[in-house]
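# Examining the three-dimensional arrangement
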Amino acid sequence: LTDSWATEFLPGLEPPWLDAFRSDPVEALNRLLRGSFYRDEENLLEPSEALYRWAVDLSGRPDFQQALDAALASWFGAEASGDMLSYRRAWAQASDVLTELTELSTASKALRTRYLDRQTFLEALAIDGASDLVDRTLMALAHGQTDRMLEAQWRQLVELVGTTPIVRGRIGLLGFAGLPPADGEERGGFRPDLVDPLLTFAHALARRVDAEVLSERRAREVCSEATELLLVRYPFRPAWSRAIGARLDVRIAPWFDEFVKEDDRLADASLDSGKPVRPSDVSWGEIADRARELRKEALACRGNDAERALALSATALEIEPWDAYSWTARMLVLNDVRGPAAALPVAWAALDRFPHNEVCWHQLGLFLRALGRHSVAEEVWTEGLERFPDSGPLANSIGALLLDIGRAIDAADVLEPYVTRYPENRQAMVTLGDVYRLLGLHERAEEVFRPAVEADSDNPYDWSGLIRVLRDAGRTGEAKQWQARARARFPGVPYFKKSILSGPPAPPPPDDVSGATPRERALLRRGLRRRGAAGQDVAYEREQLLDQARNHGPPLQGAVEAGFLLTDLGAPANAIRLLEETRSTLGDSLELLYASGRARRREAEQGNFTRAAFRERMEPIATLRTRADFGRPLLALTAVRLSFAMNHHPDVRQQRDRSIEHLREELRAPTRGGRPDDQFHPWWRQQVQRRLDETGHLESTEHMNAGIVEDRILDDLEEDYVRHLSAGMVV
Amino acid sequence: VPGAAFREAGDDLGAFLKVEGARSSAGDIRYIARNFLLDEGVSHSRREEYVDSVKTPATAPWNVEHDSYLERAVAWRAAAPPARVDESDPSCPATFRTGLLSDTYGGVGEDLDLLRVTTPYRLAKDARVRVADVLAMLARPSALDRILDTASRAPMRLPDFVGLWGDVMDLFPPGSTPPGNWPDQLRNRLGLQHYSARGQALEILVFRFSVTRVPRLRHATGRRALTTPTVLDARLFAAFCPAPVDSDAGRIVDLTPGSPDRPCRELLHPPVRLRAGDLVARGSITSAGPPLTPARRDHLLWLRLETGRDDYAAETDADIL
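Residues numbered from 1 in each chain as written. Chains lettered and ligands numbered in written order. Predicted model: local features only at pLDDT ≥ 70, side-chain atom pairs only at ≥ 80, totals over all residues. Heavy atoms only, no water.

## Some remarks on the interface of chain A and chain B
Interface size is commonly expressed as the accessible area that is lost once the parts come together. Listed per partner, the contact involves 75 residues of chain A and 66 residues of chain B. Counting each side, the surface lost to burial between chain A and chain B is near 6200 Å², with a carbon and sulfur contribution of 52%. The interface formed by chain A and chain B contains 14 salt bridges. Between Asp-133 of chain B and Arg-233 of chain A there is a salt bridge, with its nearest N and O atoms 2.7 Å apart. Summed over the shared surface of chain A and chain B, the result is 27 residue pairs in polar contact (both at pLDDT 80 or more). (Contact = heavy atoms within 4.5 Å. Buried area = accessible area lost by both parts, 1.4 Å probe. Salt bridge = Lys/Arg side-chain N within 4 Å of Asp/Glu carboxyl O. Polar contact = N/O pair within 3.5 Å; in protein donor to acceptor, adjacent residues only side chain to side chain.)

## Topic: the packing of aromatic side chains
What describes a pair of aromatic rings is the distance from one ring centre to the other and the angle between the planes of the rings. Taken as a whole and judged by the stated rule, the model has 23 aromatic pairs over all chains. One cation-aromatic arrangement involves Arg-485 of chain A over Trp-482 of chain A; the distance from NZ or CZ to the ring centre is 4.4 Å. (Phe/Tyr/Trp six-rings, centres within 6.5 Å; stacked < 30°, edge-to-face > 60°. Lys NZ or Arg CZ within 6 Å of the ring centre and 35° of its normal.)

## Section: unusual backbone geometry
A positive phi is found at Asp-40 of chain A, a non-glycine position, where the angle reads about 45 degrees. Among the secondary structure elements, Asp-40 of chain A is positioned in the loop between α2 (25-34) and α3 (47-57). Not every positive phi belongs to a glycine, and Met-156 of chain B is a case in point at roughly 60 degrees. According to the relative accessible area criterion, Met-156 of chain B is buried, its value standing at 18%. (Helix = DSSP H or I, 4+ residues; strand = E, 2+ residues; numbered from the N terminus. Buried < 20%, exposed > 50% of the residue type's maximum accessible area, 1.4 Å probe, protein only.)

## Things to note about the side chain of Asp-233 of chain B
Residue and element names in this part refer to chain B. The topology assignment puts Asp-233 in the loop between β7 (227-228) and β8 (250-251). For Asp-233, the side chain forms a polar contact with the main-chain nitrogen of Thr-230, separated by 2.9 Å. Apart from the residues lying within four places of it in its own chain, the contact partners of Asp-233 are Arg-46, Leu-70, Val-74, Thr-95, Pro-159, Thr-228 and Leu-268.

## As for the pairing of strand β9 (residues 265-269) of chain B
Within a regular beta strand, the side chains point alternately toward one face of the sheet and then the other, so they alternate between its two faces. All names here are of chain B. With five of five residues buried, β9 lies mostly within the body of the structure. In β9, alternate side chains face the same way, and those of Arg-265, Leu-267 and His-269 on one face and Glu-266 and Leu-268 on the other are all buried. Strand direction decides the pairing type here: strand β4 (residues 160-164) and β9, joined by four bridges, are antiparallel. Paired with Asp-160 across the bridge in β9 is His-269. Two elements, β8 and β9, share two bridges in a ladder whose sense is antiparallel. From the neighbouring strand, Gly-250 faces β9, where its bridge partner is Glu-266. (Pairing = 2+ DSSP bridges.)

## Here's the deal with a nonpolar patch on the surface
Together, Ile-409, Leu-439 and Leu-441 of chain A give the surface a local cluster of nonpolar side chains, amounting to about 250 Å² of exposed area. Topologically, Leu-439 of chain A is positioned in the loop between α23 (426-438) and α24 (442-454). (Patch = residues over 30% accessible without salt bridge, like charges linked within 9 Å, V, L, I, M, F, W, Y side chains within 5 Å. Areas by Shrake-Rupley, 256 points an atom, 1.4 Å probe, with all protein chains shown as cover.)

## Some points on the environment of Asp-28 of chain B
All names here are of chain B. Along the polypeptide, Asp-28 turns up in the loop between α2 (12-22) and α3 (30-38). Separated by 263 residues in sequence, Asp-28 and Pro-291 have C-alpha atoms that sit 9.1 Å apart. Leave out the neighbours within four places in its chain, and Asp-28 touches Gln-193, Ala-238, Leu-292 and Thr-293.

## Some remarks on the confidence of the model for chain B
For chain B, the average pLDDT comes to 87, and 95% of its residues sit at 70 or higher. The ipTM for the predicted assembly is 0.92, set against a pTM of 0.59. (pLDDT = per-residue confidence, 0-100.)

## Some details on helix α8 (residues 120-127) of chain B
All names here are of chain B. Burial analysis of α8 places seven of its eight residues in the buried class, the great majority of the element. Of the residues making up α8, those classed as buried are Pro-120, Tyr-121, Leu-123, Ala-124, Lys-125, Asp-126 and Ala-127. Once α8 finishes, Arg-128 follows within two positions and takes phi at roughly 55 degrees, a positive value.

## Observations concerning the nonpolar core
When a protein is soluble and globular, its nonpolar side chains tend to lie buried together. Counting 143 residues, the largest nonpolar core has Trp-17, Phe-64, Leu-72, Trp-154, Trp-255 and Phe-256 of chain A together with Leu-186 of chain B as the members making the most contacts within it. Sorting elements by how many residues they give to this core places helix α11 (residues 195-210) of chain A first, with nine residues. Contact partners of Leu-72 of chain A, with chain neighbours within four places excluded, come to Leu-29, Leu-33, Ala-94, Val-97, Leu-98, Leu-104 and Ala-107 of chain A. Grouped together as the second largest cluster of nonpolar side chains are 70 residues, Trp-361, Leu-402, Leu-403 and Val-435 of chain A included. (Core = buried A, V, L, I, M, F, W, Y, C linked by side-chain atoms within 4.5 Å.)

Quick look at the structure:
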């Protein structure tokens, strides 16, 4: 370890222990855990808390995590030495570290080996008032499992075999929760496999009550706490209620009164497997890996197993909606299986969430173009190119589109500056050559194609381009010669077999502004507003939209888009009414729920509601959160939680850094509006907390509505954020 | 000098403390030794007990042996918060057996609110859950309530430090917005130097609860188990500063640079059962703690002013006063 980690800390504040750790990790760790390394102002903290904090600070440095993992593994593997009291404390501290930093898998395995080999020694070490040493060891083992080897051990604990302390029964329950999925098992939602251990634990407690070694009241408290803990980790209350309720017997039933509701038995059971909430004991990395596999598989099988591709891409989006790739994979599969009209709503939604993702802009334009909505595609790609001026696909696509619709001069305006900067982008260069040809600039066009063809380009478009230029310039003989060579060079390309005089350029299709959906119009209007030429007639717009939603186009899509725009136009009540009508006739859909949730939030913001009224208004969104974790409320809450819980994970940090980079780029360009989508930045978290405190302390974080409140606050903070960022006050 | 047990002793430990405390090049760590020399709240019997534990006076082993002493003599071994503290019981932690019991604050009625600041990590460790669990439970009062109960039963807990709500209530004005950087301000005022955001922001939880939650002493009629903190009640910590023996509560070193305010008061109590409703604020510390030396100088001047003892710390801290 030679690199300094000082850059991860405020200037001059790198903990001195890290210096010692760099030079001799195991010795430094030993001294820290035993307490013989004085830690300046952090000396008041237990060693494990100090180490946990430093690990969080160094979450972007995998070299630190690897070194810590190796050092801890080595520490656990070494024989006990020195003063046993400090060794015991050190063991407990090291276990506490592993309980939190579950990614230290080597150390976790070393602890397990040591524990299984020397259980008696550990029990002996734990006497004399330190009985929690074993508890802390078991806690670490419960949370760092990579296989199911300890399942029998957890079973023994929840059964409270012999004189097993009650606290260990609860740890056994956590051990079950920490077991990795069995083969073929899907994770991410409700955990029915935990119901049996929970009830076993409850029965074991009941036996102790019956043996008069435990009070009924205390048994009930312990049981409730354990149940509550599982409910927090896997927040599917109705599912728990049904699963527990179905298996309760008279002896322990009263202990579960508050968790088992009769209403839940009647509720829609399909909710059980509804949208998964990222559980606290599954790491970001595991979910990201799983989603990556699902996306890959979905894209691979879309040609031969459409239904499977649809299902896989939907699951990937469900478990990892934080990743733009999940959205693009979904839209690509939909496009291939059901066509661009089916992919379009997903593409719009993706752009809403990932405005900093170049692929989202490009892909949306492709679908629009495929549907013949050329002007909207142009608008989308133009804005995309403003954001990503270096994007070859965007430059080329917009150039090709403009060329196709007969606006060759505009196409040249787009492509010329791009190919000047990126002459190596052959695709854009070829399109520009075509533009020159159509504009009658034959010499320029020839300059584009001839050098490539003479260098025996393997791109048939270079050859066809040169042939067309020569033909248009009246040099037919020369054109025919090159066509003959091209036919030999590319025997499979039909174009070279046709007559050189065939195929006059097709007339450009008519402009299609009238075909734009309301949502698309909203985008257009925003674009116009940016140029200072906006003129709005809200009443007229509303009528148009309602008319369109009810009478034209796919009803669901039209209603959703009308809902969005009505909300944007300040008429959320109308949006809600329209969306509810649509729901009653067409049934539920994620899109409808999301649009409805947005409208309700806006409506609540408009009114001067009390907190209780606000919460009541938000109730439908609480449903949305359970059933369709589709929108920003969830993202906001999840971001806040993630930034707490997973701040140490490099993926989170990398994503955050990328977002910040995009924001900075945006702010540097004066014509572009900044949109703070960086949900992982600590500044958000601090601001959210501050605002939460301002708006009524923790009351506002109660229940599921916390995310909505946070989301509202996030909205309020956007301007602040941009201002801070532009002033260099953030990061 | 009333009861400065460590200063009076002529043994190895006393000599070690004097040498360590006098090392002006040693940085903040020297204040730890000075605090031992200053502390008038440690009885001679408790000092003897401590000297028996700490056999090798040198800084690094001292840290270890001090921790061992805390585990043996100060940690609360009972499996649940006590209903009543028997200060005459030999198994009672030394803090309440021989400590300076606070007549003023231990004897008040129900109108005194106490304040505790902690971290999600600390709460998670005590409750035997993970930090992620605690954070999720903050949004579920029923779950938080239960986890706080479990935390209060954590074995081997050291006495809890508390401040007085009245000393910091200006940071939380009812009905209006607290200052944006209240967590940093609170950290400074309460001398929580260990809550320093070196890199990432550090979350804190603030609990406010009535003094009636603190168990009563068995023999001191009506008194609650509140004592003035001494150097022997927590890990070695430079930002601590013992109050003169005639103070009825500890005085916290205010880290706020140039603060003109009177130092906040601090007390110790045995484990108590907190409830979800006691959690009044949650925020993030975003800055590193200010330097200690100027804060300690101002603090000592305050103590002199308050107690009228113009020579307080004159021997130990002459280099900064």
